[in-house]
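In case you want the letters, here they are:
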Amino acid sequence: MSALRINSIDSSAMVFRRRFALAAALVISVAACGKKNDQTVPIETAKVERRDITVNAEATGTVEPIDIVEVKSKASGQVTSMPVDVGSMVTAGQLLVQIDTRDVKNNYDQTVAALRAAQAKLDVSAAQKKRADELFAQEVITAQEHETAVLDYANSQASVVKARTDADLARQRLEDATVRAPIAGTIIEKPISRGMVITSATSGPSGGTTILRMADLSRVRMRTLVNETDIGNVHPGQPATVVVDAFPNQRFRGTVEKVEPQAVVQQSVTMFPVLISLDNSNRELMPGMNGQVTMLVEQRDGVLAVPADAIRTMREVPTVARALGLDPDAVQTEVRNQIAAARGGATGARRTDSAAGEVANGSAQNGAMPGTNGQGASPSGRTGRRSRDGTTGGNGVPAAPRQGDAGVQLPLGGGGAAGGAAGRNASVVFVKNGDSFAPRAIRAGVTDFDYTEVVDGLKEGDEVALLGSAVLQQQRADQNSRIRSMQSGPLTGGTGTPGGGGAGRRP
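Reading the values: the criteria
- Residues numbered from 1 in each chain as written.
- Predicted model: local features only at pLDDT ≥ 70, side-chain atom pairs only at ≥ 80, totals over all residues.
- Heavy atoms only, no water.
- Helix = DSSP H or I, 4+ residues; strand = E, 2+ residues; numbered from the N terminus.
- Buried < 20%, exposed > 50% of the residue type's maximum accessible area, 1.4 Å probe, protein only.
- Contact = heavy atoms within 4.5 Å.
- Phe/Tyr/Trp six-rings, centres within 6.5 Å; stacked < 30°, edge-to-face > 60°.
- Lys NZ or Arg CZ within 6 Å of the ring centre and 35° of its normal.
- Pairing = 2+ DSSP bridges.
- Core = buried A, V, L, I, M, F, W, Y, C linked by side-chain atoms within 4.5 Å.
- Salt bridge = Lys/Arg side-chain N within 4 Å of Asp/Glu carboxyl O.
- Polar contact = N/O pair within 3.5 Å; in protein donor to acceptor, adjacent residues only side chain to side chain.
- pLDDT = per-residue confidence, 0-100.
- Expected span 1.5 Å × (residues − 1).

Some remarks on the environment of Asn290
Item 1. Note on placement: Asn290 falls in strand S16 (residues 290–307).
Item 2. Judged by its relative accessible area of 43%, Asn290 falls in the partly exposed class.
Item 3. Spatially, the C-alpha atom of Asn290 lies 6.5 Å from that of Val63, the residues being 227 residues apart in sequence.
Item 4. The contacts of Asn290, once residues within four sequence positions are left out, are Gly61, Thr62, Val244 and Asp245.

Shown next as structure tokens:
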């Protein structure tokens, strides 16, 4: 009995030692992680400079001919000659296909002979009518004989007309056996070959055999699908630039020809077809080539601009303030005062303070903009749009707020509900002031997601902080703080001290 009690005590002590070692290791790991994340991140800065900002709408598409001509024959028969092939450039009237002409040639010869006979018959009838007229005037022949001569002359005239039309139709059928190019262009498809028997396009019940497909490739167009969020900024006559995969270093200039009204839904994404006309006089673009279309939406030349990484929203002010070593409450108050001063009026200031306070309370809970997995998102709740360098508004670096897809920032001013929304979506930068940074509420204009136009609030030469790395570092630090606070309770209350929880209790 005594040996059993000793073994139980030794087992409890061993469990206690294991739990204590595990808890100590976890505390050391969390402390090391917190120490690593608490390291200061150097804050990069950039000067406010004048730049050209271009806002574009981009999409992918395929090159296609503007007009495709299907060449068919009015004659039926066997193809005896076909001197062109796919890719051949032909001129208008050039021989494309020759069909066996033996049947139509014989028919034409018969109609020509019939025409000659009818003409000879008409000449004889005319002479007989002339003599009958003279004899009838001299009362040598009766009226019935005279009428017979007149009727024969009329029938001869009708026979000539019929023979002439028959000969003309036979000549057309003979000419139809020789198929010539209706326009100047390039052969893009040849579904038949020499020796095949084709049917007429006019008399065949199936519409005839397609001999060739050709198109004028001196002018082509790019068919592309534009997202519905961008289609409002696309209109006919708008300049566009096309880069195809075959010539990645060459830009082709074009013009938006048409925006088709019927939407196309692909994988639950609504898009609209847009046609861009391109000059292809050098024949480098060929049907089926894939490429990217860039349509100019807005152009601003020589405007004050800052990097998009320097602009933050009211939701991010507490996080940015902690990253810069500033008091979040004081920074929020300063920004609200600047917004109120920009709007003017005590009522507007109170509304802005209220709206900004709501945002501050919501932001203080997590220290970051709401988004996917705690990451940043744009004020509308959608993940920021991918920019040229591959960055997005998510991943803890929210994109600057924008209106629509033209990149227009929301203003500071306004009253009532609009003023409250403007205050919540105000743009904020941090201007370098000696060794520290001061918040500055600005009014932003268009953005190309690399640089953003500054309409008001900054002057040329001001130095602003680039906050991407600092915000990410601060968000990691906040997350580690929350983890330490969550871990501290279970570690102190569940270590298995002797005599507690049964780990060291004697039976």
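Quick look at the packing of aromatic side chains
Each aromatic ring pair is characterised by the separation of its centres together with the angle its planes make.
Item 1. Evaluated as defined, the whole model comprises 1 aromatic pair.
Item 2. Aromatic side chains Phe247 and Phe252 sit 6.3 Å apart centroid to centroid with 65° between the ring planes, which places their arrangement in the edge-to-face category.
Item 3. Here the basic side chain of Arg51 rests over the ring of Tyr451, its NZ or CZ set 3.9 Å away from the ring centre.
Item 4. The residue whose ring lies beneath Lys129 is Tyr153, and the NZ or CZ to ring-centre distance is 5.9 Å.

Observations regarding the pairing of strand S13 (residues 252–259)
Item 1. When strand S12 (residues 239–244) meets S13, the two strands line up antiparallel, connected through 4 bridges. The residue of S13 that forms the bridge with Thr241 is Arg253.
Item 2. Note: S13 against strand S15 (residues 269–279), 5 bridges, orientation antiparallel. Looking across to S15, one finds that Val259 is bridged to Val274.

Notes on unusual backbone geometry
Item 1. You will see that Ser268, though not glycine, has its phi angle at about 65°, which is positive.
Item 2. With respect to the secondary-structure elements, Ser268 resides in the loop between strand S14 (264–266) and S15.
Item 3. Among the residues examined, Ser268 registers a relative accessible area of 73% and is labelled exposed.

Some points on the sheet that holds strand S7 (residues 178–180)
Item 1. Spatial strand order, S7-S6-S4-S9: 4 strands in an open sheet with antiparallel pairing. Either end of the sheet is taken by a strand with one partner, and the two such strands are S7 and strand S9 (197–198).
Item 2. Sheet analysis places strand S6 (residues 95–99) next to S7, joined by 3 bridges and oriented antiparallel. Each bridged residue has a counterpart across the sheet, and for Leu95 the counterpart in S7 is Arg180.

Description of the sheet that holds strand S3 (residues 68–72)
Item 1. Pairing is antiparallel in the open sheet, where 4 strands are placed in the order S3-S10-S8-S5. This sheet does not close on itself; its edge strands, each paired only once, are S3 and strand S5 (89–90).
Item 2. Taken together, the 2 bridges between S5 and strand S8 (residues 185–189) define a ladder with antiparallel strand orientation. In the strand pairing of S8, Met89 is matched with Thr186.

Some words on the nonpolar core
Item 1. With 23 residues, the main nonpolar core has Ile276 and Met295 as its most contacted residues.
Item 2. Sort the elements by how many residues they give to this core and S15 lands first, with 4 residues.
Item 3. Excluding residues that lie within four positions of it along the chain, Ile276 makes contacts with Val220, Arg221, Met222, Thr224, Ala240, Val242, Gly254, Thr255, Val256, Glu257 and Val293.
Item 4. Core analysis: the second largest hydrophobic core is formed by 19 residues, Val84, Val97, Ala177 and Ile187 among them.

Quick notes on the pattern of salt bridges
Item 1. The tally for this structure, following the rule as stated, stands at 22 salt bridges.
Item 2. A salt bridge links Glu70 to Arg213; the nearest nitrogen and oxygen atoms lie 2.9 Å apart. With Glu70 in strand S3 and Arg213 in strand S10 (residues 210–215), the pair connects residues that are 143 residues apart, well separated along the chain.
Item 3. Overlapping salt bridges, with partners in common, bring together Glu64, Arg221, Arg223, Glu257 and Glu260 in one network.

A few points about the environment of Arg312
Item 1. Looking at where Arg312 falls in the secondary structure, it is placed in strand S17 (residues 312–313).
Item 2. According to the relative accessible area criterion, Arg312 is buried, its value standing at 1%.
Item 3. Arg312 sits 118 residues away from Phe430 along the chain, and the two C-alpha atoms are 8.9 Å apart.
Item 4. Here the side chain of Arg312 touches Glu316 through a polar contact of 3.3 Å, side chain to side chain.

Let's talk about the environment of Asp166
Item 1. Looking at where Asp166 falls in the secondary structure, it is placed in helix H3 (residues 143–176).
Item 2. Residues Asp166 and Leu115, spaced 51 residues apart in sequence, show a C-alpha to C-alpha distance of 8.3 Å.

Points about the confidence of the model for the protein
Item 1. Counting all residues, the mean pLDDT for the protein is 75, and 71% of those residues have values of 70 or more.
Item 2. Note on residues 1–11: pLDDT under 50 across the span, and 2 contacts to partners over four residues away in sequence or across chains.
Item 3. Counting interchain partners and residues more than four positions distant, the pLDDT-below-50 stretch residues 413–422 has 12 contacts.

Concerning helix H5 (residues 328–343)
Item 1. An ideal rise of 1.5 Å per residue puts 22 Å on 16 residues; H5 measures up with 23 Å between its terminal C-alpha atoms.
Item 2. Those residues of H5 that fall on the buried side of the exposure criterion are Pro328, Val331, Gln332, Val335, Arg336, Gln338, Ile339, Ala340 and Arg343.

Let's talk about the side chain of Thr224
Item 1. Relative to the helices and strands, Thr224 resides in strand S11 (residues 219–227).
Item 2. There is a polar contact of 2.5 Å between the side chain of Thr224 and the backbone oxygen of Thr60.
Item 3. Setting aside residues up to four positions removed in sequence, Thr224 forms contacts with Ala59, Thr60, Gly61, Phe272, Pro273, Val274, Ile276 and Val293.

Let's talk about H3
Item 1. With 34 residues, H3 extends 50 Å from end C-alpha to end C-alpha; this agrees with the ideal 50 Å at 1.5 Å per step.
Item 2. For H3, the set of buried residues is His146, Ala149, Ser156, Val160, Ala163, Ala167 and Ala170.
Item 3. Of the surrounding secondary structure, the elements contacted by the buried residues of H3 are helix H2 (102–137).

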